[in-house]
Each structure stands twice: as structure tokens, then as C-alpha cells.
Amino acid sequence: MTLPGLTPGATVRYRVLAGTAHHRVATFTAPPAAGEPTRFIVLGDTRTMHVAHRSVVESAVPWMSHFLVNTGDLVTRGDSEAEWDAFFAVERPLLATRISYHAVGNHDRAGGGLAAFRRILVQPSSAHAPESEFAVDVGSVRLVVIDNGMTGTAGTEQKEWLEEVLATAGAAPGIRHVIVAVHHGIHSNGPHGPSKALWSAGIPAIMKMHGVDLVLAGHDHGYERGVVEGIRYMVT
């Protein structure tokens, strides 16, 4: 369901009813007004080691944040209902209290799992990639989520869309930071290394041209950060 007209930055109390079952009363913070300081949490590759995943979630819950970004591979196989059940069992405290945005990982696509990903996680859309590539403005941030699975298959559609959402960020009210989230990123010293598909498609050049501030990625199951040719990147 859509909740229109929320007061920016307001605390919203809600409860979900489903037949005779009901969720406890929970709260979330509405997105801040355009230009306001924005805080968010980033995690990724949550598909295995549920004890470690739960520890990360418990550590993150107390931190005030306006939204959550998962850089992909939420589950091991996207077509497995049991995997999704395990994901939500661990991530429930975060997802119940944060607006969340998720990149699609290669494991999320496994077994034709993209259909389940779109059914289970309701996200913004672009015309060429419903719920897997999109841009959203939150406070002072324009968050752009890229789907690795579209690179090389969507052809010019992906590049034209990306150029548009990056080029128009400067004219959007209050947007001071442009952040890209993708599963397999543009730089990594881990075993997978950088995404060859993104580089061959010229995606990093588009990011550099339009002044992207930060690229968030996962895939390599490690933590790394740095600056290359003016673009900050982080593997989480």
C-alpha cells in the first residue's frame, strides 16, 4: 500500500493486520524533507551465515537512519521460499522500522528468482527494469540502484536511463549527494574483482562524467573502500 502525504521526518506508528493475525505496533521515520541531512545503513550478501547476519542487524537497529540499502544477494536462491523466510526472520527488526532499497544480486536471480524478488520486495521502478533499476530522492541524497543483470542486455536503455537520472540530480531540489548502489561494483581487490560488464558498457565513465559521489557494492564478501579517479567506492 502507498502512504501519501507523510510529514517529512515524522515518526509514523503502524500495525499490520492479516486476518486474525497482527503485527506488533512498530514505527518508522518518514523521509526527511529535500535538502535535509540524511543517514542510512548499508549491508549486503546476507544470504548465508545467519548468526553473523543477526549480529549485524542487532548492531544496526539502534542507529537512527532514514533508510536501508542492501547491495544484493539477499538469499542463496531467489526461487527458494525457505531462504526468503530465513532472510525475513533475521532482518525483521530493520525492515519493520526502515524504508529499504535492495540491489539484485546474482544469487537473487538463481532459479529464475527475479520474479520472486519483485513479488516479495515492492520497490520503485524504471520503464526498462521494473523494481530492479530505479532512482529515488531521500533528503539530500539521490540513490540510484543498478541491476548488473541488465548490463549488456538492456543495451542503450540502461545507459540512457542512467545518464538521465545522474544528469538531472543537480537540478533536483536539495540533492547534494549522488550515490549508486550495485551488487558487483566497479572496483574490488577481492576474488571477483571489478565488474567487467560495467566497464565494457562504459558505466564507470558515465558515473565519473556526472560526478557520482559514492558507489556501494557487495559480491566479494569483504570490506574495502577507496577513491579512484575521483569516485569514492565501498565494498560491503
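Thresholds, definitions, all that
- Residues numbered from 1 in each chain as written.
- Predicted model: local features only at pLDDT ≥ 70, side-chain atom pairs only at ≥ 80, totals over all residues.
- Heavy atoms only, no water.
- Buried < 20%, exposed > 50% of the residue type's maximum accessible area, 1.4 Å probe, protein only.
- Helix = DSSP H or I, 4+ residues; strand = E, 2+ residues; numbered from the N terminus.
- Pairing = 2+ DSSP bridges.
- Expected span 1.5 Å × (residues − 1).
- Bend = angle between axes of the 7 residues up to and from the residue.
- Arc of directions from axis to C-beta.
- Contact = heavy atoms within 4.5 Å.
- Axes fitted to C-alpha atoms, helices over the stretch in contact; angles between N-to-C directions.
- 1 Å grid on protein atoms, 1.4 Å probe; cavity = no way out; pocket = protein on both sides within 12 Å on 5 of 7 lines; lining within 4 Å.
- Points joined across faces, edges and corners; volume = space filled by probe spheres on them.
- Nonpolar A, V, L, I, M, F, W, Y, C, P; charged D, E, K, R; others polar.
- Parallel < 35°, antiparallel > 145°, perpendicular 65-115°, else oblique.
- Left-handed = near helix turned anticlockwise from the far one by under 90°.

**Here we look at the pairing of strand S11 (residues 214–217)**
With burial as the criterion, each face of S11 is covered, one bearing Leu 214 and Leu 216 and the other bearing Val 215 and Ala 217. Direction of pairing for strand S10 (residues 177–181) relative to S11: parallel, over a ladder of three bridges. Of the residues in S11, the one forming a bridge with Val 180 is Val 215. Pairing analysis gives four bridges linking S11 to strand S13 (residues 231–235), with the strands arranged parallel. Each residue of the ladder has a partner; that of Leu 216, found in S13, is Met 234.

**With respect to helix H2 (residues 81–95)**
Its 15 residues give H2 an end-to-end C-alpha distance of only 18 Å, which falls more than 12% under 21 Å, the value for a rise of 1.5 Å per residue. If you look at H2, its biggest bend is around 45°, right at Ala 89, and the proline Pro 93 turns up within four residues after that. All of the buried residues along H2 are Trp 84, Phe 87, Val 90, Glu 91 and Leu 94.

**Digging into helix H5 (residues 156–167)**
An ideal rise of 1.5 Å per residue puts 16 Å on twelve residues; H5 measures up with 16 Å between its terminal C-alpha atoms. Here H5 has its buried residues at Gln 158, Trp 161, Leu 162, Val 165 and Leu 166. Projected onto a plane normal to the axis of H5, the buried residues spread over an arc of 125° and lie on a single side. Facing away from the buried side of H5, by more than 90 degrees, are the exposed residues Thr 156, Glu 160 and Glu 164. Elements that come into contact with the buried residues of H5 comprise strand S8 (134–138), strand S9 (141–145), S10 and helix H7 (203–209).

**Observations concerning the sheet that holds S8**
Two strands in a sheet stick together by hydrogen bonds in their backbones, pointing the same way (parallel) or opposite ways (antiparallel). Read from one edge to the other, the open sheet built from six strands follows the order S8-S9-S10-S11-S13-S12, with strand pairing classed as mixed. Both outer strands of the open sheet, S8 and strand S12 (224–228), are each paired with one neighbouring strand and no more. In this sheet, neighbouring strand axes are inclined to one another by 20° on average, regardless of whether the strands run parallel or antiparallel. Pairing geometry for S8 and S9, over five bridges, is antiparallel. Looking at S9, one finds that Ala 135 is bridged to Val 144.

**Some points on the layout of surface pockets**
Roughly 1200 Å³ of internal volume is contained in the largest pocket. Met 1, Tyr 14, Leu 95, Arg 98 and Ser 100 are the residues nearest the centre of the largest pocket, which is lined by 22 residues in total. Mapped by element, the contributors of at least two residues to the lining of the largest pocket are H2 and strand S7 (99–102). Of the residues contributing to the lining of the largest pocket, the split by class is 15 nonpolar, five polar and two charged.

**Focus on the packing of helix H1 (residues 50–60) against H2**
For the pair H1 and H2, interaxial distance at closest approach is 8 Å and the crossing angle is 15°. Considering their axes alone, H1 and H2 lie roughly parallel with respect to each other. Relative to H2, the crossing made by H1 is right-handed. Across the interface between the two elements, His 50, His 53, Arg 54, Val 57 and Ala 60 from H1 touch Ala 86, Phe 87, Ala 89, Val 90, Glu 91, Pro 93 and Leu 94 from H2. Of the residues contributing to the contact of H1 with H2, the split by class is eight nonpolar, two polar and two charged.

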